[in-house]
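# Observations on the model geometry
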Amino acid sequence: MAERDDPEIIGRRVQQLRTELGLTQRQLAEPAYTPAYISTLEAGRVRPSEPALRHIAERLGVGYEELATGRPTGYATELRLKLTGAQRTLATGETETAAAEFTKLLDDAERHGLVAEQADALLGLGECALETGDLETARQRFEEAEARLGEDAPLPARVPALRGRAVAHYLAGELRYSCYLFESTLDELNRTGMHDPDALLLLYSGVIAPYMDMGAHARAAQAAELALALAPQSGDLALVARMHRSVARTMIAEGRTDEADASLAKASELYRRLQIRTELANCHWMRGYLHAQNGAYERAEQELREARRMLSAKRAALYHSQATVELADVLHRRGKSQEAAALLHEVISDLTSERGALHSAAAHRLLGIIAEDARDTDTAEEHYVRALSLLERAGAAADLADLCRLLGDLFRRTGRVEAALDAYRTGLGHRTAPGHTTLGPAPAQPPL
């Protein structure tokens, strides 16, 4: 029971309101109760029943909720509406404004002891921190949200906070731990029969990205299929849109480009309807990646420039830097290596081993390739080694294998045969032991 609901708190509240109205204890009590009961209640020596509180509230001219909790009648509903408004503000990309709204709402919820609303406000602040790339703050906010709900809260209610933590660890390059959070939560949901469609969809669509980057393509494809099967059961359009965008990654990897394009088109349409600007920018980003895989570099450049423009305009700093790396890769493929290198140098300081590790590695890899093309082998080697360190920390097996090939080729061309052989062997080791072998057993599946 919250402190504001303690008998002493309620007793003082009743006494204050009765005194303000100039009523005696007898006038407040009759006809249903005795003055002695009111005296005992005001002294905090008895916990009033709901019928007693409703009687007293009516005599005092206040709402039952206000008397029982100290909150004005309907306050919780009003706060929920304001939280929805803040979520809408975040969805349209106004991150700073949304963060200010969530902060105020958190204060209001704490002042009135509204635990679920506190958790939702903290979730919103966590999402704001993800948008700006403040991953440490994001993790803290998601952990606080989960703590406010408490261990007794049903697991589906805690899933958004768990998913937020997993995404923050993923963006920080901690792929294995991100997969662990996703998989352990999925396993518990499915094994205990808590088949909440929105919770499962949130988790299956979220785990696709770390699976793909770890080289666990089979698990990514399975998660995508399960997400697609769950989508019709979800009433959350934003969640369905996010799912379509995530599923497109697996389709691209499997060469199902037409299906991937169709999935991204569905996501874009939903985000346009919902005006979710950052997610819409991410759709442009994914479409650019798709076109690049198909060799349509001009169209890829257009999509990625649009994504970068939208992300910059909405101050989604980390996502903007990541999209810039993707754009630089396309520009290099189009023969615009100088412009690509300039873009990479603009953002490379924003990407670290703790913040966007995979794109930081991609940036160093591309700068190494550009340096090799310019016959600057020392600079190329520096960038390759830096990228190798980042990828080893993240456990991105497929990317590690490719980078070891590049480094081996560089060593071979500069006459360092033994070093080249070591690099090739390391790369073969990563290629033959893809990321999914480092994970535990696959989580239990929902009964679809």
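Whatever comes next refers back to the structure up there.
Residues numbered from 1 in each chain as written. Predicted model: local features only at pLDDT ≥ 70, side-chain atom pairs only at ≥ 80, totals over all residues. Heavy atoms only, no water.

## Quick notes on the overall build of the protein
A count of helices and strands for the protein gives 23 helices and zero strands. With respect to the three principal axes, the spread of C-alpha positions in the protein is 100 × 40 × 40 Å. Looking at the protein residue by residue over its 448 residues, the buried ones come to 52%. Taking contacts inside the protein between residues at least 6 apart in sequence as the whole, the part at least 24 apart equals 61%. (Helix = DSSP H or I, 4+ residues; strand = E, 2+ residues; numbered from the N terminus. Buried < 20%, exposed > 50% of the residue type's maximum accessible area, 1.4 Å probe, protein only. Contact = heavy atoms within 4.5 Å.)

## Here we look at the nonpolar core
Of all hydrophobic cores here, the largest spans 125 residues; its most connected members are Phe102, Leu130, Leu171, Tyr204 and Tyr384. Of the residues forming this core, the biggest block, 12 residues, is contributed by helix H12 (residues 197-214). In this view, Tyr384 contacts Arg365, Gly368, Ile369, Glu372, Leu403, Leu406, Leu407 and Leu410; residues no more than four positions away in its chain are not counted. (Core = buried A, V, L, I, M, F, W, Y, C linked by side-chain atoms within 4.5 Å.)

## Observations regarding the side chain of Thr250
Topologically, Thr250 is positioned in helix H14 (residues 237-253). Take Thr250: its relative accessible area is 4%, and that puts it in the buried class. A distance of 2.7 Å separates a polar side-chain atom of Thr250 from the backbone oxygen of Val247. In this structure, Thr250 is in contact with Ile208, Met212, Ala220, Ala221 and Ala224, ignoring residues within four places of it in sequence. (Polar contact = N/O pair within 3.5 Å; in protein donor to acceptor, adjacent residues only side chain to side chain.)

## Description of the packing of helix H18 (residues 317-333) against helix H19 (residues 337-347)
Where H18 meets H19, the axes come as close as 8 Å, and the angle between the chain directions of the two elements is 165 degrees. The angle between H18 and H19 falls in the class roughly antiparallel. Where H18 crosses over H19, the handedness of that crossing is left-handed. Two secondary-structure elements touch here, H18 through Ser321, Thr324, Val325, Leu327, Ala328, Leu331 and His332 and H19 through Ser337, Glu339, Ala340, Leu343, Leu344 and Val347. Of the residues contributing to the contact of H18 with H19, the split by class is eight nonpolar, four polar and one charged. (Axes fitted to C-alpha atoms, helices over the stretch in contact; angles between N-to-C directions. Parallel < 35°, antiparallel > 145°, perpendicular 65-115°, else oblique. Left-handed = near helix turned anticlockwise from the far one by under 90°. Nonpolar A, V, L, I, M, F, W, Y, C, P; charged D, E, K, R; others polar.)

## Considering unusual backbone geometry
The omega torsion of the bond from Glu30 to Pro31 falls at 5 degrees, within 30 degrees of zero and hence cis. Along the polypeptide, Pro31 turns up in the loop between helix H2 (25-29) and helix H3 (35-42). Even without glycine at this site, Arg375 takes up a positive phi of about 65 degrees.

## Comments concerning helix H7 (residues 95-111)
An ideal rise of 1.5 Å per residue puts 24 Å on 17 residues; H7 measures up with 24 Å between its terminal C-alpha atoms. Buried within H7 we find Thr95, Ala98, Phe102, Leu105, Leu106, Asp108 and Ala109. Taken end-on, H7 shows its buried residues confined to a sector of 165 degrees, consistent with a single buried face. For H7, the elements touching its buried residues are helix H6 (75-91), helix H8 (115-132) and helix H9 (135-149). Of the residues trailing H7, Gly113 is marked for its positive phi of about 65 degrees. (Expected span 1.5 Å × (residues − 1). Arc of directions from axis to C-beta.)

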